[in-house]
Amino acid sequence: YHASLGRDEPFAMRYALHVEVSLIRHAEAIPESAALSDPHRHLTAIGRDQARALGDRLRWHDCVPTHLWSSPLVRAIQTAELVASGLACGLPVEAVPALAPGEDARTLDARLAALPATAIVVVVGHEPSLSLLGSRLVTGPDLSALRHAQAARIVDGELRWRFACHADAPELPR
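Undergrad: Account for the sheet that holds strand 1 (residues 20-25), with residues named and values stated.
TA: Backbone hydrogen bonds hold the strands of a sheet together, and the pairing may be parallel or antiparallel. Strand order in the open sheet formed by six strands is 3-2-4-1-5-6, and the pairing between neighbours is mixed. In the strand order of this sheet, the two ends are held by strand 3 (94-95) and strand 6 (158-164), each with one partner. Note: strand 1 against strand 5 (residues 150-155), four bridges, orientation antiparallel. Bridge pairing in strand 5 links Val21 to Ile154. On the sheet, helix 1 (residues 45-60) packs against strand 1, strand 5 and strand 6 and is oriented at approximately 135° with respect to strand 6. Against the sheet, helix 4 (residues 129-137) contacts strand 1, strand 4 (120-125) and strand 5, and its axis sits at roughly 160° relative to strand 1.

Undergrad: Tell me about the pairing of strand 5, and name the residues and values.
TA: Taken across its six residues, strand 5 has six buried, putting it largely inside the fold. Both faces of strand 5 are covered, namely the face carrying Gln150, Ala152 and Ile154 and the face carrying Ala151, Arg153 and Val155. Here strand 5 runs beside strand 6; their pairing, made up of six bridges, is antiparallel. Paired with Val155 across the bridge in strand 6 is Glu158. Between strand 5 and strand 6, which follow one another and run antiparallel, lie two residues, and Asp156 among them has a positive phi close to 55°.

Undergrad: So what's going on with helix 4? Residues and values would help.
TA: Each α-helix turn comprises 3.6 residues. Residues three or four places apart therefore point the same way. Of all the nine residues making up helix 4, eight are buried; the element is thus mostly covered by neighbouring parts of the structure. Taken together, the buried positions of helix 4 are Ser129, Leu130, Ser131, Leu133, Gly134, Ser135, Arg136 and Leu137. Buried positions along helix 4 lie against strand 1, helix 3 (108-113), strand 4 and strand 5.

Undergrad: Could you give me a rundown of the packing of aromatic side chains, with the residues and numbers involved?
TA: Using the criterion set out here, one finds one aromatic pair in the structure. Ring geometry for Trp161 against Phe163: centres 5.6 Å apart, planes inclined by 70°, an arrangement best described as edge-to-face. On the accessibility criterion, Trp161 (8% relative accessible area) is buried. With relative accessibility at 2%, the residue Phe163 sits in the buried group. Here Arg111 stacks its cationic end above the ring of Trp69, 4.4 Å away from the centre of that ring.

Undergrad: Give a description of the pattern of salt bridges that names residues and reports values.
TA: Evaluation of the coordinates by the stated rule reveals eight salt bridges. Note that Arg136 and Asp109 form a salt bridge whose closest N and O atoms lie 3.2 Å from each other. Of the two residues, Arg136 sits in helix 4 while Asp109 sits in helix 3, which places them 27 residues apart along the sequence. The exposure class assigned to Asp109 is buried, which follows from its relative accessible area of 15%.

Scoring rules and cut-offs
Residues numbered from 1 in each chain as written. Predicted model: local features only at pLDDT ≥ 70, side-chain atom pairs only at ≥ 80, totals over all residues. Heavy atoms only, no water. Pairing = 2+ DSSP bridges. Helix = DSSP H or I, 4+ residues; strand = E, 2+ residues; numbered from the N terminus. Contact = heavy atoms within 4.5 Å. Axes fitted to C-alpha atoms, helices over the stretch in contact; angles between N-to-C directions. Buried < 20%, exposed > 50% of the residue type's maximum accessible area, 1.4 Å probe, protein only. Phe/Tyr/Trp six-rings, centres within 6.5 Å; stacked < 30°, edge-to-face > 60°. Lys NZ or Arg CZ within 6 Å of the ring centre and 35° of its normal. Salt bridge = Lys/Arg side-chain N within 4 Å of Asp/Glu carboxyl O.

Structure, rendered in structure tokens:
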């Protein structure tokens, strides 16, 4: 049982084990201000570069998604669109309200379970929701928080690697 998540369910959620999931935390965004509330924060120039670079690197590592889900917040949508451009996949970004901060991302469990085993899903969102989702997907230890513009690839219930936007190589799990 997974006590650190405060629930009494089995360690890893039930979903089609062959579904590949890449979790991506949005790239660098401008800070919240009195004039610009959190949902409307957009990517900085650095954040746009980070998102493009991450898409390029994911393409180099044979990421060919069948689904591209994003938080509906501006910075996440922009990250997802730029990652999709780098992937050259042509998929539309699907805004998923459950990925917004403060929402219950556990509703994604059923969406993942309903996908065919050949699905490859890219999920763009926020912390702590992404690492909590990742912790439900893996059969090992909790997934630690993702940094901005960092991806984690999960296949068959295992964390395969983490990848930062400008890294030369993926970080392999220890």
